[in-house]
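# Report on the structure
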Number of protein chains: 2
Amino acid sequence: MTDTPLKRGLPPLHPGALLREDILPSLGISVSSFAAHLRVSRQMLHRILSEEAPVTPAMALRLGKLCGNGPELWLNLQARYDLDRYGRELAKELNEIPTLNAA
Amino acid sequence: MTDTPLKRGLPPLHPGALLREDILPSLGISVSSFAAHLRVSRQMLHRILSEEAPVTPAMALRLGKLCGNGPELWLNLQARYDLDRYGRELAKELNEIPTLNAA
DNA sequence: GCGGCTGTAAATCGATAGTTTACAGTCATG
DNA sequence: CATGACTGTAAACTATCGATTTACAGCCGC
């Protein structure tokens, strides 16, 4: 009872981790040229790779196009990451929100 | 060939529309008291209902708790809405982004 | 008519996504 | 060795945006 009623056990992965660990190495491409393809500054991509910046919808569209797997994957990863993050952050306040029964 | 290769035909619904059309009426609750339960200003809720403001992860957690159906629904609705919106907005720039083949 | 409710608009505040500029490290080549 | 191209990181700055607060106009009950 010390955890949420939702899926648990899976520590949420930041999309930057997937890029850093899997995609970029398997493509054998440098951060700079990847950023150039994305039409984004290489500094921005660096911040995503170091999990400091989130994958916004616009960024998800860029990644989805460049990687060829569509934007949903990236956005879903970010969503699960955000829900975990804000779930902790707002825990106290969420406790004060009741659940309305659909009478 | 004038449209995207992704799911189409479904005009994406803003989460505010669902709240406005379905949830609030079926609960028979006023905007003000709903906002009070959410621990959010009623002005903020109004802007979501009029589809001016997005459902952020934090807001999705509040809605999910209060409605009892979890935050994912709200966040997914918003994600599809955002992908459609930014997909149009960035259409030109996305065209210039190639797709790397996973050699 | 007056107190309390609703919807909306404006000013404001703080956070944040993104670019630009700048700097230090590395490595190949002359 | 020097120089020049490339890489990673950090700072300043801009603009946008999520959210609150304040304010105001319209309604309804009494």
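Everything below is about the structure printed above this text.
Notes on the structure in this doc start here. Given the structure is predicted, the values throughout are model-derived calculations rather than measurements.

### Re the packing of aromatic side chains
- Evaluation of the coordinates by the stated rule reveals zero aromatic pairs over all chains.
- Note that Arg85(A) overlies the ring of Tyr86(A), its terminal NZ or CZ placed 4.8 Å from the centroid.

### Comments concerning the protein's contact with DNA strand C
- Around DNA strand C, a shell composed of 14 residues is seen, among which Ser41(A), Gln43(A), Pro54(A), Ser32(B) and Arg42(B) lie nearest.
- When the atoms of DNA strand C within 4 Å of the protein are sorted by group, sugar and phosphate make up 60%.
- Take Gln43(A): an N or O atom from its side chain is 2.4 Å from a base oxygen of DNA strand C.
- Contributions of two or more residues to the surface near DNA strand C are made by helix H3 (42–49) of chain A together with helix H2 (31–38) and helix H3 (42–49) of chain B.
- Split into classes, the residues belonging to the surface near DNA strand C amount to five nonpolar, seven polar and two charged.

### Re the relation of the copies chain A and chain B
- Rotating chain A by 180° and translating it 0.0 Å along the rotation axis places it on chain B, where the RMSD comes to 0.0 Å. Given the turn and translation reported, the copies of this chain are related as if by a two-fold rotation axis.
- The fraction of interface residues of chain A whose copies in chain B are also interface residues reaches 100%, indicating that both copies meet through the same surface.

### Side note on the environment of Pro11(B)
All names here are of chain B.
- The topology assignment puts Pro11 in the segment before helix H1 (15–27).
- The exposed category is assigned to Pro11, whose relative accessible area is 68%.
- Residues Pro11 and Arg80 lie 69 residues apart in sequence; the distance between their C-alpha atoms is 9.5 Å.

### Remarks on helix H4 (residues 57–67) of chain B
- In terms of burial, H4(B) is a largely internal element, ten of the eleven residues being buried.
- Those residues of H4(B) lying buried are Pro57(B), Ala58(B), Met59(B), Ala60(B), Leu61(B), Arg62(B), Leu63(B), Gly64(B), Leu66(B) and Cys67(B).
- Close packing links the buried residues of H4(B) with helix H5 (72–89) and helix H6 (91–95) of chain A together with H1, H2, H3 and helix H5 (72–89) of chain B.

### Regarding the interface of chain A and chain B
- Tallying the contact residues gives 34 residues for chain A and 34 residues for chain B.
- Linking chain A with chain B are four salt bridges, by the criterion used here.
- Across the pair Arg39(B) and Glu96(A) runs a salt bridge whose closest N-O atoms are separated by 3.6 Å.
- Taken together, chain A and chain B are joined by twelve residue pairs in polar contact (both at pLDDT 80 or more).
- Counting only elements with at least two residues in the side of chain A that touches chain B, the list comes to helix H2 (31–38), helix H4 (57–67), H5 and H6 of chain A.
- Partitioned by chemical class, the residues of the side of chain A that touches chain B number 20 nonpolar, seven polar and seven charged.

### Re H4(A)
- Looking at the buried positions of H4(A), the neighbouring elements they touch are helix H1 (15–27), H2, H3 and H5 of chain A together with H5 and helix H6 (91–95) of chain B.
- Gly68(A) lies just past H4(A) and shows a positive phi near 85°.

Rules behind the numbers
- Residues numbered from 1 in each chain as written.
- Chains lettered and ligands numbered in written order.
- Predicted model: local features only at pLDDT ≥ 70, side-chain atom pairs only at ≥ 80, totals over all residues.
- Heavy atoms only, no water.
- Phe/Tyr/Trp six-rings, centres within 6.5 Å; stacked < 30°, edge-to-face > 60°.
- Lys NZ or Arg CZ within 6 Å of the ring centre and 35° of its normal.
- Near = heavy atom within 4 Å.
- Polar contact = N/O pair within 3.5 Å; in protein donor to acceptor, adjacent residues only side chain to side chain.
- Helix = DSSP H or I, 4+ residues; strand = E, 2+ residues; numbered from the N terminus.
- Nonpolar A, V, L, I, M, F, W, Y, C, P; charged D, E, K, R; others polar.
- Least-squares fit on C-alpha atoms with pLDDT ≥ 70 in both.
- Contact = heavy atoms within 4.5 Å.
- Buried < 20%, exposed > 50% of the residue type's maximum accessible area, 1.4 Å probe, protein only.
- Salt bridge = Lys/Arg side-chain N within 4 Å of Asp/Glu carboxyl O.

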